[in-house]
Amino acid sequence: IMSDLLLLDRTDDITTITINDADNGNRVSDDMAVQLTNMLNKAQQDSHSIIFKSTGDDFCQGRAIMGEESKNLPEALEMRGKFDVVFDLYDAFRNSVVPIVGVVQGEAHGFGAALAALTDITICSDQAKFSLPETSHNIMPTMAMSALMGRVSRKALMYMTYTCDVIDADTALSFGLASQVVPHDELDVTVEACIVKLNRIPRSAIKAVKEFSTEAEELTTKSAKAYARNLHATINSSETLRK
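Residues numbered from 1 in each chain as written. Predicted model: local features only at pLDDT ≥ 70, side-chain atom pairs only at ≥ 80, totals over all residues. Heavy atoms only, no water.

Quick look at the layout of surface pockets
Considering only enclosed or pocket space, the second largest pocket measures out at about 510 Å³ in volume. Surrounding the second largest pocket, 27 residues form its lining, Asp120, Arg151, Lys210, Ser213 and Thr214 being those nearest its centre. Secondary structure elements with two or more residues in the lining of the second largest pocket: helix 4 (84–95), strand 6 (121–125) and helix 10 (203–215). Ranked by residues supplied to the lining of the second largest pocket, first place goes to helix 10 with 7 residues. (1 Å grid on protein atoms, 1.4 Å probe; cavity = no way out; pocket = protein on both sides within 12 Å on 5 of 7 lines; lining within 4 Å. Points joined across faces, edges and corners; volume = space filled by probe spheres on them. Helix = DSSP H or I, 4+ residues; strand = E, 2+ residues; numbered from the N terminus.)

Concerning the packing of aromatic side chains
For any pair of aromatic rings, the description consists of the separation of the ring centres together with the inter-plane angle of the planes. Under the criterion given, the structure shown has 6 aromatic pairs. Ring centres of Phe87 and Tyr90 lie 5.9 Å apart, and the angle between their planes is 90°; this geometry places the pair in the edge-to-face category. Pair noted here: Phe87 and Tyr90 are both in helix 4, with a separation of 3 residues, about one helical turn. Accessibility expressed as a relative area gives 4% for Tyr90, which makes it buried. With 5.5 Å between their ring centres and 50° between their planes, Phe212 and Tyr227 make a pair best called tilted. Placement of Phe212 in helix 10 and of Tyr227 in helix 11 (residues 221–236) is noted, with a sequence separation of 15 residues between them. Exposure remark for Phe212: the relative accessible area of 27% places this residue in the partly exposed category. (Phe/Tyr/Trp six-rings, centres within 6.5 Å; stacked < 30°, edge-to-face > 60°. Buried < 20%, exposed > 50% of the residue type's maximum accessible area, 1.4 Å probe, protein only.)

Things to note about the side chain of Asp21
Locating Asp21 in the fold gives a position in the loop between strand 2 (14–19) and helix 2 (30–43). Within the buried core, Asp21 has no salt-bridge partner, and the shortest N-O distance to an opposite charge, that of Arg27, equals 7.8 Å. (Lys, Arg positive; Asp, Glu negative; His and termini not counted. Salt bridge = Lys/Arg side-chain N within 4 Å of Asp/Glu carboxyl O.)

Considerations on the pattern of salt bridges
Scanning the entire structure with this criterion turns up 3 salt bridges. Where Arg10 meets Asp46, a salt bridge forms, and the shortest distance between an N and an O atom there is 3.1 Å. Residue Arg10 is found in strand 1 (residues 6–11), and its partner Asp46 is found in the loop between helix 2 and strand 3 (49–54); the two are separated by 36 residues along the sequence.

What to know about the pairing of strand 2
Judged by how many residues are buried, strand 2 sits mostly within the fold: 6 of 6 residues are covered. Burial of the side chains of strand 2 extends over both faces: Ile14, Thr16 and Thr18 are buried on one face and Thr15, Ile17 and Ile19 on the other. Sheet topology note: the strand 1/strand 2 ladder contains 6 bridges and is antiparallel. Residue pairing for strand 2: Thr11 is matched across the bridge by Ile14. Across 6 bridges, strand 2 lies against strand 3 in parallel orientation. When the sheet's bridge partners are listed, Thr15 is paired in strand 3 with Ile50. Traced from strand 2 through helix 2 to strand 3, the parallel crossover comes out right-handed. (Pairing = 2+ DSSP bridges. Right-handed = clockwise from strand over helix to strand, strands pointing away.)

Quick word on helix 11
Since the α-helix advances by 3.6 residues per turn, residues separated by three or four positions end up pointing in the same direction. Taking 1.5 Å of rise per residue, the 16 residues of helix 11 would be expected to cover 22 Å, and the 22 Å separating its terminal C-alpha atoms lies within 8% of that figure. Those residues of helix 11 that fall on the buried side of the exposure criterion are Ala224, Tyr227, Leu231 and Ile235. The arc enclosing the buried residues of helix 11, seen along the axis, measures out at 65°, which places them on a common side. Structural note: helix 11 exposes Lys222, Lys225, Arg229, Asn230 and His232 on the side pointing more than 90 degrees away from its buried face. Structurally, helix 11 contributes buried residues whose contacts are with helix 10. (Expected span 1.5 Å × (residues − 1). Arc of directions from axis to C-beta. Contact = heavy atoms within 4.5 Å.)

Digging into unusual backbone geometry
Even without a glycine there, the phi angle at Asn26 is positive, about 55°. For Asn26, a relative accessible area of 0% corresponds to the buried category. Although it is not a glycine, Asn138 sits at a positive phi angle of roughly 60°. Looking at where Asn138 falls in the secondary structure, it is placed in the loop between strand 7 (129–131) and helix 6 (142–148).

Here you go:
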């Protein structure tokens, strides 16, 4: 069953991972999150880049348990452990050594908006819509907020969190949640063009850019400069750039 809900395709050195539960808004259960984490961690080992997408009209309407009520909540420490499946998936996106290209064709809410934000390049249809609706369900939204931190500005994040408003693709672009917005019928060809451009970059440089973008954002300006200098010298003197 799980293999039907998550699809994996490998063409040359490009891996495509697809959420395939359109009838359920491509919502992601905890079991699916665990499998997604494993798929991403494995794909990055020998892929030049990863495409992350979904089938149907919706990108991802959220977690499969969104809005469900439980009469008997687990003890706090146990509950904290249950959330590791989400944070482990977030880490798989953030720590991938190769770029992940997200393709957002429609609705992306809550967990879906978080996944869209975590991809390195997020290409959206002009029909895409985003929101963080957690507080409207009386759910603390800090998990989704943590995914958007470093991706959008503080003002954009607070606006989305407090209002729960659905924003369109152009607003998502202005917030920094999207990288590019294109007409819906041009989405596939735009993604293909992006992958062609990534394929021109040697793998050592592909990995170096991802490494620096991941690690340097938490450094001081002085430390980031030193890191950039060393990485620049290491990669640009490598014979791998000349092959």
